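Summary of structural features
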Amino acid sequence: MEPLPPETGERWREIHALSLDCVHCGLCLPTCPTYRETGSEISSPRGRIYLLRSVAEGRIPLSEVVSDEAYLCLGCRACETACPSGVRFGSMLEHARAEVETANLRAGTAKRIERFALRSLLPHRRRLRFVVSVLAVVQRLRLDRMLLPLLPRRLRELHPLLPKVPPRRDRRRPRKLVRGWGDRRGRVGFLVGCIASELFGHVNAATVRVLACNGFDVVVPRSQGCCGALHAHAGDLRGASELARRNIAAFAEAEVDAIVVNSAGCGAAMRDAGRWLPGEGEAFAAKVRDVAEFLDAAGLRPPDTPIDARVCYDDPCHLVHGQRVAEAPRNLLRQIPGLKLQPHDDPEGCCGAAGIYNLTHPEMSRAVLERKMRSLAAADPDIIATGNPGCLMQIGAGVARLGLRARVVHPIELLDESYFPPGRPLPAGGR
Ligand code: SF4
Ligand code: SF4
């Protein structure tokens with residue numbers, strides 16, 4: 001092999017080293033959502049690896065074509081699960097996007113949306129809360145529907161993705177410490193997330209109740225913040241490491257046995273903290289567990305109230321591919337009396353949410369979602385369960401668009417419903 005050009009930077013050397021693991025077998029192609037939609041080699045994992053390797057070797061310039069492909073990729077990492085050669089495509093993609101950002105190759109609406117969300121909103125809890133509160137008022141007064149016809153087409157198309165903002169009582173953070181009920185089994189930290197805190201507070205509350213009900217003290221450090229997943233996916237590795245550092249400090253103070261996360265995207269990013277911050281990041285990452293994985297390994301106290309329904313479990317990419325957790329959520333759901341797991345054809349396919357991909361690439365996102373929804377509609381479940389806020393919103397929008405009857409929930413909500421049906425009092429300190 002020819003040596004790399006001497007001007008090749010550190011990141012390109014890393015990308016090049018990672019690309020050498022690819023043996024061009026093509027086994028990843030059928031799992032790649034963009035390849036499935038376009039049928040184009042350049043929009044497949046193998047094609048992207050070839051492009052990036054070509055740039056690293058100085059055979060082609062870092063151009064808009066490379067930039068477009070790096071961002072058309074959903075970062076779902078299905079190619080990693082399929083790859084017999086252990087190619088770490090997610091790492092390669094993060095480095096490539098960081099180089100695209102450094103070269104300032106992206107412009108336009110997508111970039112502006114992304115920059116605003118990542119720099120000015122997500123890391124700032126008060127600002128995020130303010131924006132969500134304004135949205136709540138707009139929705140309550142139905143101004144969004146009145147203003148819709150006046151908006152540009154692109155913004156109109158995004159409207160169905162906007163979830164209904166929950167009432168203020170459901171946007172409260174869980175208490176700093178909730179003691180485990182019954183025999184104590186340990187002490188865990190809990191990441192509440194940034195968007196999740198505002199739009200899925202009821203899922204956070206359910207997670208704390210289920211953990212406490214299983215005997216775990218739950219600590220919710222006040223100084224925690226955004227996990228940095230979206231920053232890393234967008235190539236802002238510095239922003240991602242700064243946010244990771246803040247969470248490392250927050251959870252170190254809490255002195256917990258494990259850090260439990262109920263959002264697959266956040267969990268996958270936190271498990272990668274060692275790559276951004278060797279040493280302290282590695283120790284932190286080693287404690288991170290998805291809530292389903294954690295409870296399945298600990299052994300669930302039996303949920304007792306039946307839920308007579310058929311549920312399709314849908315794997316979030318960053319849980320099944322990013323963290324290799326597939327069976328744990330299914331194992332938990334099987335323990336709920338009356339609940340039947342209903343298979344469907346495409347549980348591991350991406351739903352097209354991918355962070356803010358549904359905002360930056362709405363056409364591809366919609367095409368990817370349609371494939372997923374065909375599979376779910378054919379199974380016709382009463383409930384669809386998936387463990388990631390972005391997937392909950394995206395699949396929720398798909399259900400609404402098709403007029404399906406299924407409700408879309410996080411698996412932990414079903415456990416919570418079985419432990420605490422309406423009318424059953426919570427133990428002291430349970431709210
Ligand atoms: S991360 Fe997903 S979208 Fe990107 S190349 Fe791999 S399979 Fe395709
Ligand atoms: S499966 Fe792995 S080795 Fe085969 S083409 Fe895809 S990335 Fe390369």
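This is a predicted model, so every value here is computed, not measured.

1. Structural notes on the site of ligand 2
Close to ligand 2 lie 15 residues, the nearest being Cys 22, Cys 25, Cys 28, Cys 83 and Ser 85. Of all the secondary-structure elements, those providing two or more residues to the shell around ligand 2 are helix H3 (45-56) and helix H5 (78-82). When grouped by side-chain class, the residues that make up the shell around ligand 2 number 11 nonpolar, 3 polar and 1 charged.

2. Structural notes on helix H23 (residues 389-402)
Between its first and last C-alpha, H23 extends 20 Å over 14 residues, near the 20 Å set by a 1.5 Å rise per residue. The buried fraction of H23 is high, at 10 of 14 residues. Restricting attention to buried positions, one finds in H23 the residues Pro 389, Gly 390, Cys 391, Leu 392, Met 393, Gln 394, Ile 395, Gly 396, Ala 397 and Gly 398. For H23, the elements touching its buried residues are helix H11 (195-199), helix H15 (264-271), helix H21 (357-360), helix H22 (362-379), strand S8 (383-385) and strand S9 (407-409). Looking one or two places after H23, you find Gly 403, whose phi comes out positive at around 70°.

3. Describing the environment of Leu 18
Structurally, Leu 18 can be placed in helix H1 (residues 10-19). On a C-alpha basis, the gap between Leu 18 and Ala 205 in space is 41 Å, while along the polypeptide they are 187 residues apart. Sequence-distant contacts of Leu 18, defined by excluding residues within four places in its chain, comprise Val 87, Arg 88, Ser 91 and Met 92.

4. Focus: the domain arrangement of the protein
The domain architecture assigned to the protein consists of domain 1 (11-102), domain 2 (109-168), domain 3 (169-298) and domain 4 (309-419). The gap between the C-alpha centroids of domain 1 and domain 2 is 32 Å.

5. What about unusual backbone geometry?
A positive phi angle is found at His 24, which is not glycine, with a value near 65°. For His 24, the location among the structural elements is in the loop between H1 and helix H2 (33-38). We classify His 24 as exposed; it has 8 C-beta atoms within 10 Å. Phi is positive for Asp 380, close to 50°, though the residue is something other than glycine. The topology assignment puts Asp 380 in the loop between H22 and S8.

6. Points about the sheet that holds strand S7 (residues 339-341)
Strand order in the open sheet formed by 4 strands is S7-S6-S8-S9, and the pairing between neighbours is parallel. Since the sheet does not close on itself, it has two edges, and those belong to S7 and S9, each with one partner. Direction aside, neighbouring strands of the sheet carry axes that sit 30° apart on average. The sheet contact formed by strand S6 (residues 309-313) and S8 spans 3 bridges and is parallel. Across the sheet, residue Cys 312 finds its bridge partner in S8, namely Ile 384.

7. Notes on the site of ligand 1
Close to ligand 1 lie 14 residues; Cys 32, Pro 45, Cys 73, Cys 76 and Cys 79 are nearest. If you list the elements that add at least two residues to the shell around ligand 1, you get H2, H3 and H5. Among the residues forming the shell around ligand 1, the class breakdown is 9 nonpolar, 3 polar and 2 charged.

Procedures and definitions
- Chains are numbered independently. Their residues run from 1 in the order of the written sequence.
- As they are written, the chains are lettered A onward and the ligands numbered 1 onward, keeping that order.
- Only residues with pLDDT of at least 70 get local features here, since the model is predicted, and only at 80 or more are side-chain atom pairs given and counted; chain-wide, interface and lining totals rely on the full set of residues.
- Placing a C-beta atom from the backbone of each residue, we mark the residue near a molecule or strand if the atom is within 6 Å of it.
- Secondary structure elements follow DSSP: runs of H or I of four or more residues count as helices, runs of E of two or more count as strands, with numbering from the N terminus.
- Throughout this entry, Asp, Glu, Lys and Arg are counted as charged residues, while Ala, Val, Leu, Ile, Met, Phe, Trp, Tyr, Cys and Pro are counted as nonpolar. The remaining residues, Gly among them, count as polar.
- By this rule the span expected of a helix is its residue count minus one, scaled by 1.5 Å.
- Exposure criterion: with C-beta atoms placed from backbone coordinates, a residue whose C-beta has 20 or more other C-beta atoms within 10 Å is buried, one with 12 or fewer is exposed, and one in between is partly exposed.
- Placing a C-beta atom from the backbone of each residue, one calls two residues in contact when those atoms lie within 7 Å.
- Where each domain begins and ends is defined by an automated method or by a domain database.
- By the convention used here, strands pair only if DSSP detects at least 2 bridges between them.
- Every angle, taken between N-to-C directions, lies between 0 and 180 degrees, and every axis is a line fitted to C-alpha atoms, over only the stretch in contact when it is a helix.

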